[in-house]
Structures are given as C-alpha cells and as structure tokens.
Amino acid sequence: MKIQERVKDCMETEVFLKIIGLLMYYAPIGLGAYFAALVGEHGKELIGSYARALAIYYPLCFVYMATAFPVYAYISGGMNGIKALKHVISPAVTAVATQSSIATLPVNLEACENIGVPKDIREIVLPIGATAHMDGTVLSTILKISFLFGIFQIPFAGVGTYVSAIMLAIAGGVVMSGVPGGGLIGEMLIVTMYGFPPEAFPIIATIGYLVDPPATMINASGDTLASMLVTRFVEGKDWMKRNLG
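Here the structure is a predicted model, which is why all the values come from computation and not from measurement.

Conventions adopted
- Residues numbered from 1 in each chain as written.
- Predicted model: local features only at pLDDT ≥ 70, side-chain atom pairs only at ≥ 80, totals over all residues.
- Heavy atoms only, no water.
- Helix = DSSP H or I, 4+ residues; strand = E, 2+ residues; numbered from the N terminus.
- Contact = heavy atoms within 4.5 Å.
- Areas by Shrake-Rupley, 256 points an atom, 1.4 Å probe, with all protein chains shown as cover.
- pLDDT = per-residue confidence, 0-100.
- Axes fitted to C-alpha atoms, helices over the stretch in contact; angles between N-to-C directions.
- Parallel < 35°, antiparallel > 145°, perpendicular 65-115°, else oblique.
- Left-handed = near helix turned anticlockwise from the far one by under 90°.
- Nonpolar A, V, L, I, M, F, W, Y, C, P; charged D, E, K, R; others polar.
- Core = buried A, V, L, I, M, F, W, Y, C linked by side-chain atoms within 4.5 Å.
- Buried < 20%, exposed > 50% of the residue type's maximum accessible area, 1.4 Å probe, protein only.
- Patch = residues over 30% accessible without salt bridge, like charges linked within 9 Å, V, L, I, M, F, W, Y side chains within 5 Å.
- Salt bridge = Lys/Arg side-chain N within 4 Å of Asp/Glu carboxyl O.
- Lys, Arg positive; Asp, Glu negative; His and termini not counted.
- Polar contact = N/O pair within 3.5 Å; in protein donor to acceptor, adjacent residues only side chain to side chain.
- Expected span 1.5 Å × (residues − 1).
- Bend = angle between axes of the 7 residues up to and from the residue.

**Remarks on the overall build of the protein chain**
- The helix and strand inventory of the protein chain stands at ten helices and zero strands.
- Put simply, the protein chain runs from its N terminus to its C terminus through helices and strands in the order α-α-α-α-α-α-α-α-α-α.
- Restricting the contact set of the protein chain to residue pairs at least 6 apart, pairs at least 24 apart contribute 74%.
- A total accessible area of about 13,300 Å² is found for the protein chain, and carbon and sulfur atoms account for 68% of it.

Pasting the structure below:
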C-alpha cells in the first residue's frame, strides 16, 4: 500500500509540474499585456523606479564578484584574486549569454579542470550547484521585495521583515530553482506573503526578467568557486599545488 501511495504521489506531482510548465508558456503574454496597462496608467513614475532598481543591482553584482570571489578563492587554495577572476570570466560570459546555469555547465567543468579541481569533485559539485547554488538569485529576491515595498510606500523595516525576506530569498535561490517556472512561483509567494495587491505580480515579474542576466552570471560563475571550496575541505589546503604541480 505504501508503495502504491508513493507512486500515486509521484504521479500527482508530475502532473502538477506539467500543468505549471504549460501555464508558463502563456504567462509572458498575460504579464506583458498587464505590464503595458500599468505603464499606461503610471507612466514615467514606474519606468523611473525600474531604472533606479537596475542602477543599484547591476553594479552590486559586479562589486560582489570583485570582492567576494577573490576571498573565496584565497580561502579555497590561496589563489590570487586576479587569477581567480580570470578563471570565472568564461563561465560568467556564457551565463550572461545563455541565461542558464545548466547551459554554462560545460564551460564551468573546463574552468575547474584548468584550476586543478579533481574530476570526481567537479562532476558532482557543479551539476548540484547549477540547480541549488543561487547566490545571484538570493540578491535579486531581496531587490524584488524591497522594490515592492518602495512602490507601495510601505516601510521596509523591522527584524521580522528582514528575517522573512532572507528566508524567502534562500527559498527562491535553493528550493524553487529546480521547479519549472520556479522564479514566477517565488514572485507569487512574495506578493502573497506580504499581502500586496494583485497588480504587484506583473511589476515584480518584470523586475525578475530584467535582473536575470547578472543573477545567472553570479549563480553560474559562483559554482566554480564552490567546487574549489569543496576541494579545500576534502583534500586539504595544499590541493592546488599537488594537482597542478
């Protein structure tokens, strides 16, 4: 009976995910029409808010890469920061072009091989990281939440607000990243959890499309550093000298 129940649950889950996948094909049409109506109603005010949000988020992504990635590389194997950034350029550019961590996987594997990450580690860590290591998505989720608070003139303050925003960001970056249409589901959750009106959804969905390229860039190129950190814990601090020597 337990086996039959599990099979039934799996079939229900597959059907549910298939329905979501079908809905996601048509969602952009409805969102585009809804957003066009919002722009016609609010005009330059809404466009200016988007411009200010992007002016903050895009530089923040590059600052994060230029500061955090060298630190990760140094902790992982004592690698020079500039050298580490050179290794992640190819995955970063590929991620921006494809907007997919999975599509960047072959380039990441090659970069890790050049760094000296063992084959067994890179072939385990990188595929997992492509679906579960989403630091760029976490940053973009915080931006989406704070953006809606600003649009609807609600103070983004309080420990409870900060904690819930962090939890939602982690859920969006780790849990929902492997679900078809997970980004839109996460945005629906934000709108619902904070009690925003229905018209908030196309606003936040549009932000999601605009910030996706730099978010994917951090997600994918960060997998390279993650594999280095795992190697540091598995093989010790001198792993790079042994593997490249």
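This is not the end of the story, as more comes after the structure.
**Overview of the confidence of the model for the protein chain**
- The predicted model of the protein chain averages 78 in pLDDT, with 76% of residues at 70 or higher.
- Looking across the protein chain, the model is least confident in helix H1 (residues 2-42), with a mean pLDDT of 61, and most confident in helix H4 (residues 105-115), with 86.

**Notes on the packing of helix H6 (residues 135-151) against helix H9 (residues 200-235)**
- Running from N to C, H6 and H9 cross one another at 155°; their axes reach a closest spacing of 8 Å. Classified by the angle their axes make, H6 and H9 are roughly antiparallel. Crossing handedness for the pair H6 and H9: right-handed. Contacts between H6 and H9 pair Asp135, Gly136, Thr137, Leu139, Ser140, Leu143, Lys144, Phe147 and Leu148 from the former with Ala200, Ile203, Ile204, Ile207, Gly208, Val211, Ala215, Ile218 and Asn219 from the latter.
- Its residues assigned to classes, the contact of H6 with H9 shows eleven nonpolar, five polar and two charged.

**Section: the nonpolar core**
- In terms of nonpolar packing, the biggest core is built from 46 residues, with Leu148, Tyr194 and Met228 touching the most fellow members.
- With twelve residues, the single largest contributor to this core is H9.

**With respect to a nonpolar patch on the surface**
- The grouping of Val159, Val163, Ile166, Met167, Ile170 and Val174 at the surface amounts to a nonpolar patch, some 560 Å² of accessible area in total.
- Looking at where Val174 falls in the secondary structure, it is placed in helix H7 (residues 159-175).

**With respect to the side chain of Asp135**
- Considering the arrangement of structural elements, one finds Asp135 in helix H6.
- Put simply, Asp135 is tucked away with no salt bridge, and the nearest opposite charge, on Lys144, sits 14 Å away.
- There is a polar contact of 3.2 Å between the side chain of Asp135 and the side chain of Tyr64.
- Ignoring any residue separated from it by four or fewer positions in sequence, one finds Asp135 in contact with Tyr64, Phe69, Ile218 and Asn219.

**Notes on H6**
- Compared with an ideal rise of 1.5 Å per residue, which puts 17 residues at 24 Å, H6 spans 25 Å between its outermost C-alpha atoms and is within 8% of the ideal.
- Turning to H6, its buried residues number three or more, namely Asp135, Gly136, Thr137, Ser140, Thr141, Leu143, Lys144, Ile145, Phe147, Leu148 and Phe149.

**Here we look at the packing of helix H3 (residues 81-98) against H4**
- Across the interface, H3 lies against H4 with an axial gap of 9 Å and an inter-helix angle of 180°. Taken together, the axes of H3 and H4 are roughly antiparallel relative to one another. Taking contact as the criterion, the partners of His87, Ser90, Pro91 and Thr94 in H3 are, on H4, Val107, Asn108, Ala111, Asn114 and Ile115.
- Of the residues in the contact of H3 with H4, the class split is four nonpolar, five polar and no charged.

**Side note on H9**
- Between its terminal C-alpha atoms H9 stretches 48 Å, which fits the 52 Å expected from 36 residues at 1.5 Å a residue.
- Considering bend angle alone, the principal kink of H9 is centred on Asp212 and spans about 50°; proline Pro213 follows within four residues of it.
- Burial analysis of H9 places 27 of its 36 residues in the buried class, the great majority of the element.
- Residue Gly236 follows H9 closely and has a positive phi angle near 95°.

**As for the environment of Ile151**
- Along the chain, Ile151 falls in helix H6.
- Sequence separation between Ile151 and Leu46 is 105 residues, and the spatial gap between their C-alpha atoms is 8.2 Å.
- Every residue in contact with Ile151, bar those within four places of it in the chain, is listed here: Leu46 and Ser49.

**As for unusual backbone geometry**
- Phi at Gln153 is positive, roughly 55°, even though this residue is not glycine.
- Here Gln153 lies in the loop between H6 and H7.

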